[in-house]
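Survey of secondary and tertiary structure
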Amino acid sequence: MSVVASIKQAAAAAVQALYQQPFTAADVSVNTTKPEFEGEYTIVVFPFTKFSRQKPEETAQTIGTWLAANHPGLVAGFNVVKGFLNLSIHDQTWTAFVQGAHHNALVGQQPAKGQKVMVEYSSPNTNKPLHLGHLRNNFLGFSVSEILKANGYEVIKANLVNDRGIHICKSMLAWQLFAHGDTPESTGKKGDHLVGDYYVHFESILRDQSEPIISRVLEGDFSDFDGEQHERITKLHTALHKPEFMANVEKAAQIRKEIKHLARNVSEETKEIISRVIEKRDFSDFEADAKIRIGQLLAELTPQVKADEEKAEKIHDEIKELSRNRTEIMAQAKIMLQQWEAGNPEVRALWQTMNSWVYEGFEATYKRLGINFDKMYFESNTYLLGKDVVEEGLRKGVFFKKADNSVWIDLTADGLDEKLVLRGDGTSVYITQDIGTARLKYDDYQMNQSIYVVADEQNYHFKVLKLIMQKLGEPSADGIAHLSYGMVELPHGRMKSREGTVVDADDLVEEMVTTAARYTEELGKVKDFTEEELRELYETIGLGAMKFFLLKVDPKKKMVFNPEESIDIHGFTGPFIQYSHARIRSILREFSAGDMLALESYRHTDALLPMEKELIMINEQFGDVLAEAGREMSPSVIANYAFLLAQTFNSFYAKKESGKYTYSVRDAESEDKRKLRLQIASLTANTIRQSMKFLGIRVPERM
RNA sequence: GGACCGGUAGCUCAGCUGGAUAGAGCAGCUGCCUUCUAAGCAGCAGGUCAUUGGUUCGAAUCCAAUCCGGUUCACCA
């Protein structure tokens, strides 16, 4: 049991004994003591005053006395400040802990709980290579899996590959039309990138073909459309041409144009300047005389004008979408999808060939990232699942049929909407598959929990999925959990493939590793390393920096990926922690295996110095931190902890008094102190290594 | 419009199951390498915790309202 847990338990016992109140350890609030007061942990006694019927100070005094008398091994002393009971923990508690834990290479690992958890993550599409957004997903999924394992769960890492559908056909079609038989071998290109290039090629043809259709629509010529779509297009066109609406849209465009003109001489993205001034009223990009004019312009940009501008944009988007669907190349892609579903041998063969290229590419990327899976699922095998479950649901009355034969569930009582689960023609929608796949996974593993690592834009989807499964009475239902994470944005905003701002995963990794190599060479501390050792070190540092950067932020928050900061090696970064580890290892290298072995029977009995105590204390919290990270499914908890630990060790290491290192290991003031500090150093190195391992990050012996 | 998420230092983020004077990192400014790795350490400066009200011994944290930003509410996946 952790020290904090022991304190809570003892405090609860104190309250029970002194006031005869049913108080549990969970009701006790314990904080680390503020540095300006004596002690390590503090019990907040305000909640006890209710039944002590004494002032907070007196209550604290009473409880402190009881604790010191009944738990002398834990509480060596105490002091009271207002309602805060500051406890000085007995040094023996700390020295016993270091003695027991310092050599444990698997520190933190909990015994098996006998529970199974599936973590589904990565889930790439086979039409494009991985990008920055996938990296957050992959690192999160992997790290959460490791954290859960450390907490004693049996974890199944699953990857559900999206290997079918219209987007896959797009790459296939473009390859067929334009590749002249190119392969990864013939071009020397990584398979996933080759296929991705043809996806991009398809999109550019699609753009070329849809532009004339869009122009015709804007000119009032709807001859490309028929039926319902013709009606819809007509409506959109009419909406766009309402006189007052048009006037507002034009006005907004004029205002933006003039702002842009006024800011011309500033050497920066004009788009950013415009958004700064419009969204944030930040005038810093303009000359004093221009500011008056800008003020006038902003006043003209009324909410109505802005709303119309936005609405116009939406209408244009819809026209664009409808037009894209009327192109020749889109029609061809749709035919190909039908052929695929019908099992056309030629299409299936092409599909298999191209997918195999992609898998080879993904395999290489996963390997470099250090990511793996226990179970692969493929949508081509699962996309038809779920229909039978829908049938069952219909019979049970969970679902209902509409006039056009489509099947729905009514979730309005749960605050949601009606949701379609099967189309009128009997074909599946996205959620149909997920219903079927959830059952399949459960049949395969009977896990207690099933975690989906998926971006937060799908929060609604997973809420619906869980509700449906619960209403169906599926045994897997209550274990479904959505580990929802925020989007990764770039300093100028979201990544957009249309604007070419998508950050490719392979490129990014390469850049990180190259930068790590440059820093390392500049410092020149590992000149004796072999080629192979250097290569591995660069990978460790480069990937460490990137993983740490993406994992240090709370998953549920969206994050900004700043390329410059991500490759930084100072401060709250992966390399800082790796460096701290390497530094400790270099201390430990001076001692023999025999020296280290002798530590196991050693327990320090002298008083502990402040930073010795502090370091042991932080190390001792690792178990609680790990449990919290598991509970919250949040690697950032570990990242913050690892940084605190490394930082504290660095202070311990560098602390000097009158020109001498206060906490020197090698030149310790006594043999006993040397042994103690060796234990502390060894423990800290192990805890750092383990916490980084749970983030999927390796730590070097030297750097 | 409904639902959900977010708003903390110039920037990026901790803290949010209520607790003491709100913390890091980066950027800026000062110092510290003949001594276990300076990818480091010590320090200075920087805050109406979006706003307003409420709950109470105590609110960045809980509740309500408002403002701002995002996501979603597809017979897309």
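Residues numbered from 1 in each chain as written. Chains lettered and ligands numbered in written order. Predicted model: local features only at pLDDT ≥ 70, side-chain atom pairs only at ≥ 80, totals over all residues. Heavy atoms only, no water.

**Focus: the overall build of chain A**
Put simply, the rule is: By definition, any uninterrupted DSSP run of H or I lasting at least four residues is a helix, any uninterrupted run of E lasting at least two residues is a strand, and each is numbered from the N terminus. Only protein chains enter the accessibility calculation, which uses a 1.4 Å probe; a residue is then buried when its area is under 20% of its type maximum, exposed when over 50%, and partly exposed in between. By the convention used here, residues are in contact when the closest approach between their heavy atoms is within 4.5 Å. Accessible areas in this description were obtained via Shrake-Rupley with a 1.4 Å probe; residue shielding takes into account the shown protein chains only. A positive count includes Lys and Arg, and a negative count includes Asp and Glu. His and the chain ends are not counted in either. The location of each charge is read from NZ of Lys, CZ of Arg, CG of Asp or CD of Glu.
Scanning chain A from terminus to terminus reveals 28 helices and 17 strands. Looking at chain A residue by residue over its 703 residues, the buried ones come to 49%. Intrachain contacts of chain A at a sequence separation of at least 6 include 73% that bridge at least 24 residues. Of the roughly 33,700 Å² of accessible surface on chain A, a fraction of 50% belongs to carbon and sulfur atoms. Computing the positive centroid from 85 side-chain charges and the negative centroid from 101, chain A places the two 3 Å apart.

**Examining the environment of E671**
Here is the rule: Nitrogen and oxygen atoms within 3.5 Å of one another constitute a polar contact, given that in protein one can donate a hydrogen and the other can accept it, and given that sequence-neighbouring residues count only through two side-chain atoms.
Looking at where E671 falls in the secondary structure, it is placed in helix 28 (residues 671-693). A relative accessible area of 41% places E671 in the partly exposed class. Within the local environment of E671, its side chain forms a polar contact with the side chain of R674, the two groups lying 2.5 Å apart.

**As for the confidence of the model for chain A**
Inclusion rule: Each residue gets a pLDDT score, which is the predictor's confidence in that residue and runs from 0 to 100.
Residues of chain A with pLDDT of at least 70 account for 95%, and the chain-wide mean is 91. When the elements of chain A are averaged for pLDDT, helix 11 (residues 270-280) gives the smallest value, 57, and strand 5 (residues 116-120) the largest, 98.

**Considerations on the protein's contact with RNA strand B**
Applicable threshold: We call a residue near a molecule or strand when any one of its heavy atoms sits within 4 Å of it. Polar here means any residue other than Ala, Val, Leu, Ile, Met, Phe, Trp, Tyr, Cys and Pro, which are nonpolar, and Asp, Glu, Lys and Arg, which are charged; Gly is therefore polar.
Taken together, 65 residues form the shell around RNA strand B, and within it D404, K525, Y579, S586 and K656 come nearest. Of all RNA strand B atoms lying within 4 Å of any protein atom, the proportion belonging to sugar or phosphate reaches 59%. At a separation of 3.4 Å, a sugar or linking oxygen of RNA strand B approaches a polar side-chain atom of E379. One of the backbone nitrogen or oxygen atoms of F572 is found 3.3 Å away from a sugar or linking oxygen of RNA strand B. Split into classes, the residues belonging to the surface near RNA strand B amount to 28 nonpolar, 15 polar and 22 charged.

**Some points on the environment of H581**
When you line up the elements, H581 lands in helix 23 (residues 574-588). With residues up to four places along the chain from it excluded, the contact list for H581 reads A685, I688, R689, V699, P700 and E701.

**Considerations on the sheet that holds strand 7 (residues 375-378)**
Stated formally: A pair of strands counts as paired when DSSP detects no fewer than two bridges linking them. Axes here refer to lines fitted to C-alpha atoms; in helices the fit is confined to the stretch in contact. Angles between the N-to-C directions go from 0 to 180 degrees.
Strand order in the open sheet formed by 5 strands is 7-6-5-11-12, with parallel pairing between adjacent strands. Both outer strands of the open sheet, strand 7 and strand 12 (480-485), are each paired with one neighbouring strand and no more. Pairs of neighbouring strands in the sheet enclose a mean axial angle of 25°, with direction left out of account. The strands touched by helix 5 (residues 132-150) are strand 5, strand 6 (154-161), strand 11 (449-455) and strand 12; relative to strand 6, the strand with the most contacts, the crossing angle is about 160°.

**A few points about the nonpolar core**
What counts is decided by this rule: For this analysis, a nonpolar core means a set of buried residues of the types Ala, Val, Leu, Ile, Met, Phe, Trp, Tyr and Cys, connected via side-chain atoms within 4.5 Å. As used throughout, domain bounds are those supplied by an automatic or database domain assignment.
Counting 150 residues, the largest nonpolar core has I43, L67, L132 and M546 as the members making the most contacts within it. The residue makeup of this core includes at least three contributed by each of domain 1 (3-89) and domain 3 (505-693). What L132 contacts, discounting residues up to four positions off in sequence, is V488, L490, M495, V503, A505, L508, L550 and F561. V390, L416, F462 and I468 belong to the second-largest nonpolar core, a separate cluster that totals 25 residues.

**Considerations on the sheet that holds strand 10 (residues 418-422)**
Overall, antiparallel pairing links the 3 strands, which are arranged 8-9-10 in an open sheet. Lying at the two open borders of the sheet, with one neighbouring strand each, are strand 8 (400-401) and strand 10. Where strand 9 (residues 407-410) and strand 10 come together, 4 bridges link them in antiparallel fashion. Paired with I409 across the two strands is K419, which belongs to strand 10.

**Observations regarding helix 15 (residues 345-369)**
Put simply, the test is: Expected span of a helix, by definition, is 1.5 Å for each gap between consecutive residues, and there is one gap fewer than residues.
Between its first and last C-alpha, helix 15 extends 35 Å over 25 residues, near the 36 Å set by a 1.5 Å rise per residue. At the exit of helix 15 stands G370, carrying a positive phi of roughly 75°.

**Points about the pairing of strand 4 (residues 84-89)**
By the criterion of burial, strand 4 is predominantly enclosed, with 5 of the 6 residues buried. Bridge analysis of strand 3 (residues 75-81) against strand 4 gives 6 bridges, and the strand direction is antiparallel. Each bridged residue has a counterpart across the sheet, and for F78 the counterpart in strand 4 is L87. In this structure, the hairpin formed by strand 3 and strand 4 is closed by a connection of 2 residues, where K82 is found at a positive phi of approximately 50°.

**Brief notes about the packing of aromatic side chains**
How two aromatic rings sit relative to each other is set out by the distance from centre to centre and by the angle between their planes. The condition that has to hold: Two rings belonging to Phe, Tyr or Trp (six-membered ring only in the last case) form a pair when the distance between their centres is within 6.5 Å. Interplanar angles under 30 degrees mark stacking, angles over 60 mark edge-to-face geometry, and anything in between is tilted. Geometrically, a lysine NZ or arginine CZ counts as sitting over a ring once it is within 6 Å of the ring centre and also within 35 degrees of the ring normal.
Counted by the stated rule, this structure contains 22 aromatic pairs. Aromatic side chains Y452 and F462 sit 5.0 Å apart centroid to centroid with 45° between the ring planes, which places their arrangement in the tilted category. Placement of Y452 in strand 11 and of F462 in helix 19 (residues 459-472) is noted, with a sequence separation of 10 residues between them. Pair check on accessibility: Y452 and F462 agree, each one buried. Arranged with centres 6.3 Å apart and planes meeting at 15°, the rings of F622 and F694 form a pair that is stacked. With F622 in helix 26 (residues 622-632) and F694 in the segment after helix 28, this residue pair connects regions lying 72 residues apart in the sequence. Taken together, Y19, F23, F48 and F51 form an aromatic cluster joined through their ring pairs. For the cation-ring pair, R164 lies above Y383, with the distance from its terminal atom to the ring centre recorded as 4.0 Å.

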